[in-house]
Amino acid sequence: MNHTFTLNNAVPMPKIGLGVLFAKNDNEVETAVISALQAGYRKIDTASAYQNEEGVGSGIAKSSVSRSEVFLTTKVWNTEQGYDKTLIAFEQSLAKLQTDYIDLYLIHWPVKSKYKETYKAMESIYKSGRAKAIGVCNFDISQLEDLMEHSDIVPAMNQVEMHPHLSQNELINFSKKYDIQLEAWRPIMMGEVLQIPELTQIGTQHNKSAVQIALRWLVQRGIAVIPKSVTPKRIQENFDILDFELSKKEMKIIEGLNKNRRLGEDLSHVI
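These notes cover the structure that comes with them. Here the structure is a predicted model, which is why all the values come from computation and not from measurement.

1. Things to note about the packing of helix H3 (residues 83-97) against helix H4 (residues 115-128)
- In the contact formed by H3 and H4, the axes pass within 7 Å of each other and the chain directions differ by 45°. Put simply, H3 runs oblique to H4. Considering how the two elements wind past one another, H3 and H4 form a crossing that is right-handed. Mapping the contact onto sequence places Tyr 83, Thr 86, Leu 87 and Phe 90 in H3 and Glu 117, Thr 118, Lys 120, Ala 121, Met 122, Ser 124 and Ile 125 in H4.
- Tallied by class, the residues present in the contact of H3 with H4 amount to six nonpolar, three polar and two charged.

2. Details of the pattern of salt bridges
- Enumeration over the complete set of coordinates arrives at twelve salt bridges.
- A salt bridge links Glu 28 to Lys 24; its shortest N-O distance comes to 3.9 Å.
- Asp 45 is the salt-bridge partner of Lys 75, the closest N and O atoms lying 2.6 Å from each other. Taken together, the positions of Lys 75 in strand E5 (residues 71-76) and Asp 45 in strand E4 (residues 43-45) put the pair 30 residues apart, joining distant regions of the chain. When sorted by exposure, Lys 75 lands in the same class as Asp 45, which is buried.

3. Regarding the sheet that holds E4
- Taken in spatial order, the eight strands line up as E3-E4-E5-E6-E7-E8-E9-E10 in an open sheet, and their pairing is parallel. Edge positions in the open sheet fall to strand E3 (18-19) and strand E10 (224-225), since each of these has one partner strand only.
- Where E4 meets E5, three bridges bridge the pair, whose relative direction is parallel. Bridged to Lys 43 within E5 is Phe 71.
- Docked against the sheet, H3 engages E5 and strand E6 (104-107), running at close to 140° with respect to E5.

4. A few points about helix H6 (residues 169-178)
- Every buried residue belonging to H6 is among Leu 171, Ile 172, Phe 174 and Ser 175, and all of these are buried. Looking straight down H6, one finds that the buried residues subtend no more than 165° of arc, so they occupy a single side. In H6, the exposed residues that point more than 90 degrees away from the buried face are Glu 170, Asn 173, Lys 176 and Lys 177.
- Looking at the buried positions of H6, the neighbouring elements they touch are helix H5 (141-149), strand E8 (157-161) and strand E9 (181-185).
- Trailing H6 by a residue or two, Asp 179 shows a phi angle of about 55°, which is positive.

5. Examining the side chain of Gln 181
- Along the chain, Gln 181 falls in strand E9.
- The class of Gln 181 is buried, set by a relative accessible area of 11%.
- Within the structure, Gln 181 has its side chain in polar contact with the backbone oxygen of Gly 222 (distance 2.8 Å).
- Excluding anything up to four places from it in sequence, Gln 181 contacts Phe 5, Leu 7, Met 13, Ala 156, Met 157, Asn 158, Gly 222, Ile 223 and Ala 224.

6. With respect to the layout of surface pockets
- Here the largest pocket is characterised by a volume of approximately 870 Å³.
- Around the largest pocket sit 35 residues that line it, and Leu 21, Phe 22, Arg 186, Met 190 and Lys 228 are the ones nearest its centre.
- Its residues assigned to classes, the lining of the largest pocket comprises 19 nonpolar, nine polar and seven charged.
- Here the second largest pocket is characterised by a volume of approximately 510 Å³.
- Taken together, 26 residues form the lining of the second largest pocket, with Asn 138, Phe 139, Asp 140, Gln 143 and Arg 262 sitting closest to its centre.
- At three residues, the largest contribution of residues to the lining of the second largest pocket is made by H6.
- Residues belonging to the lining of the second largest pocket are distributed by class as follows: nine nonpolar, ten polar and seven charged.

Rules used in this analysis
Residues numbered from 1 in each chain as written. Predicted model: local features only at pLDDT ≥ 70, side-chain atom pairs only at ≥ 80, totals over all residues. Heavy atoms only, no water. Axes fitted to C-alpha atoms, helices over the stretch in contact; angles between N-to-C directions. Helix = DSSP H or I, 4+ residues; strand = E, 2+ residues; numbered from the N terminus. Parallel < 35°, antiparallel > 145°, perpendicular 65-115°, else oblique. Left-handed = near helix turned anticlockwise from the far one by under 90°. Contact = heavy atoms within 4.5 Å. Nonpolar A, V, L, I, M, F, W, Y, C, P; charged D, E, K, R; others polar. Salt bridge = Lys/Arg side-chain N within 4 Å of Asp/Glu carboxyl O. Buried < 20%, exposed > 50% of the residue type's maximum accessible area, 1.4 Å probe, protein only. Pairing = 2+ DSSP bridges. Arc of directions from axis to C-beta. Polar contact = N/O pair within 3.5 Å; in protein donor to acceptor, adjacent residues only side chain to side chain. 1 Å grid on protein atoms, 1.4 Å probe; cavity = no way out; pocket = protein on both sides within 12 Å on 5 of 7 lines; lining within 4 Å. Points joined across faces, edges and corners; volume = space filled by probe spheres on them.

Pasting the structure below:
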């Protein structure tokens, strides 16, 4: 199976990445990044707000994988938004990550009074070639429409909460219309998927865990995933989801689990 999705600017992006939210900015995140790259991952997702960009940069530098082979995502935080502040924040992220470009630069949350000018700054970064793609996180349909009305570049990505209890079908349909790639954060519900019997039962049929079934379901829907782990065994397990396929019936069973239930809180107003 193809391991990449193609973004709307023709940039290929791995379907599976390592998320590093809450990973400590020391040997923990560094070791997790190295383990992931050894396991075959080629995408790492961090953010200014995670306060571990230095460790991520060190992990990439110390790995046997060259920077050019790694698809690296980071995000501008709420307090860094605004045109000039975003340009400064981007430079700070580059320095911490020990790199001269970012593969994907995202607005972390839609701060209402700032996101349009923040995105204008990101468009200038993109045009300079120092970000290979730009996009957003946690935008709903109305916010995406507002942003696109006032910008030149359609976001390549919208990273949102998505998992078996939050299927986001309306957003998926909208995103397909504008060729905006969706990526799921909290895709395994912080481990809660292990408590969903339907996922366990389907996993038994494929000799896979409930976690792998949840991740496979998302990827098969065309959604990129960034499960977080710092444990080498789990990092490997999360990656091993491209060697099997869920049937239409199994996909439908999982889609039936939707409860429109969010696990993460809205941080768009946290300044």
